[in-house]
Amino acid sequence: MPDLSVIPVNSLLRHIQPLQAELTTAATDVIRSGYYVLGPGVNGFESAFADYCGATHCIGVANGTDALELALKAVGVGPGDSVAVVANAAMYGTSAVLACGAQPVYVDVEAAGSTLCPQQLVATLQAYTPKAVIVTHLYGRLAAVETLVRLCREHDVAVVEDCAQAHGARRNGNAAGSFGDIAAFSFYPTKNLGALGDGGAITTSNPALAQRARQLRQYGWSAKYTNALDGGRNSRLDEIQARMLHLMLPRLDGWNARRREIANRYSSAIDHPDIVVPATAGEEYVGHLYVVHSTRRGELRTHLETRGIQTDVHYPVPDHLQPCHAGAYAHVRLPVTELQATTALTLPCFPELDNTEVQRVIDACNQF
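Residues numbered from 1 in each chain as written. Predicted model: local features only at pLDDT ≥ 70, side-chain atom pairs only at ≥ 80, totals over all residues. Heavy atoms only, no water.

## Points about the side chain of Arg 260
The following threshold applies: What counts as a helix is a DSSP run of H or I of at least four residues, what counts as a strand is a run of E of at least two, and both are numbered from the N terminus. Residue burial is assigned from relative accessible area. The probe radius is 1.4 Å, only protein chains are included, and a residue is buried under 20% of its type maximum, exposed over 50%, and partly exposed in between. For the purpose of counting charges, residues Lys and Arg are taken to be positive, whereas Asp and Glu are taken to be negative. His and the chain ends are not included. We define a salt bridge as a contact between a side-chain nitrogen of Lys or Arg and a carboxyl oxygen of Asp or Glu at a distance within 4 Å. Throughout, a residue-residue contact means that at least one pair of heavy atoms, one from each residue, lies within 4.5 Å.
Within the secondary structure, Arg 260 sits in helix H10 (residues 252-269). Among buried charged residues, Arg 260 stands out as having no salt bridge; its nearest opposite-charge side chain is Glu 283, 5.0 Å away. Among all residues touching Arg 260, those that are not within four sequence positions of it are Ala 281, Gly 282, Glu 283, Tyr 285 and Val 286.

Printed below as a string of structure tokens:
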């Protein structure tokens, strides 16, 4: 009989179970400490994560979307400004832009990596005067960030990296979160470095931006109960989540290596004319999501489901076509983004996936 046990897209239970005793001890230590918000655990994690990313400063916040919003505000984005952003990342960047009172200017992506296209950004920088550009490292793959940063520098435009899916991705020794002016991370449980709840962080090596971000995460205070900055909010990383993240951080590179091993094995072994796989990659890709493309996505998804393989779609509706906009961006045309929204399919890829399961996914795809 064939093995029809379900292979999940991700399994947080498998991921956390080996750490349960250590995480329980860390939680107990926090409970006994009397520090629950912005205490020594947050300070320790901020320092360790800044070092890990090659940044001078890390500011822990409540979640990744807050991190993006406060990073934008830290570089001066406000009402009336425009921000260049991709439309293929589930509204996270767009939501942060709108929360600042600014307007998104959508830029198409490269077909190969689904990240911001430098050529399209050139046209946007010439046609508009954006206050900032959000560079999203999608699916765990670094964008062409060095080129994008250079283009933005030429136009005096701030670069905000969206690293929510790229913890630990590196190129030429530089890590996600260290290329632009400021960067945002999410620690949602499914991320490569995930908390047991919500969490986020901002990294930067600019002391002025770091100071603004620290004030903005706590009401815009310059001192207790003294609100000096507009746009502040209550967005603080909990002490218990910081302790758990700090405990898991030394394991991140190993988890990333296993994700990349699985992804590269898929890309090397899946061979079907109706399935387009991403290129094999090195440290610039940390396998947050393994996304293939197929014009027969619905059929492929059903085929895999009958063989006990879960899939997902990241992401089915581009930002500019989301119903919440009521057609406000209906005039926007993003050919690559719009096509990939109809073809993208996510296969299982997480560190605890075993080799037998990986082969089952490969075989099922090749038998489609």
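The structure having been displayed, the exposition proceeds.
## Some details on the packing of aromatic side chains
Quick note on the threshold: Pairing of aromatic side chains here covers Phe, Tyr and the six-membered ring of Trp, requires ring centres within 6.5 Å, and sorts the geometry by plane angle: under 30 degrees stacked, over 60 edge-to-face, intermediate tilted.
Considering all chains together, one arrives at 9 aromatic pairs under this definition. Summarising the aromatic geometry, the rings of Phe 45 and Phe 49 are spaced 5.4 Å apart at their centres and angled 20° between planes, so their arrangement reads as stacked. You can see Phe 45 and its partner Phe 49 sitting in helix H3 (residues 40-53), 4 residues apart, about one turn around the helix. Across this residue pair, the class does not change: Phe 45 and Phe 49 are buried. Arranged with centres 5.0 Å apart and planes meeting at 45°, the rings of Tyr 219 and Trp 221 form a pair that is tilted. Classification of Trp 221 by relative accessible area gives buried; the value is 18%. Three or more aromatic residues joined by ring pairs form one cluster here, namely Phe 45, Phe 49, Tyr 52, Phe 185 and Phe 187.

## Things to note about the environment of Gly 177
Assignment of secondary structure puts Gly 177 in the loop between strand S7 (174-175) and strand S8 (182-186). As a C-alpha pair, Gly 177 and His 303 span 126 residues in sequence and 39 Å in three-dimensional space. When near neighbours in sequence (up to four residues on either side) are disregarded, Gly 177 contacts Ala 55, Glu 161, Cys 163, Ala 183, Phe 185 and Thr 203.

## As for the nonpolar core
Put simply, the test is: Here, the term nonpolar core denotes a set of buried Ala, Val, Leu, Ile, Met, Phe, Trp, Tyr and Cys residues that are joined through side-chain atoms within 4.5 Å.
Counting 51 residues, the largest nonpolar core has Phe 49, Leu 121, Val 133, Phe 187 and Leu 193 as its most contacted members. It is H3 that provides the largest number of residues to this core, a total of 6 residues. For Leu 121, the residues in contact, after removing those within four places along its chain, are Ala 84, Val 107, Leu 116, Val 133, Leu 148, Leu 151 and Cys 152.

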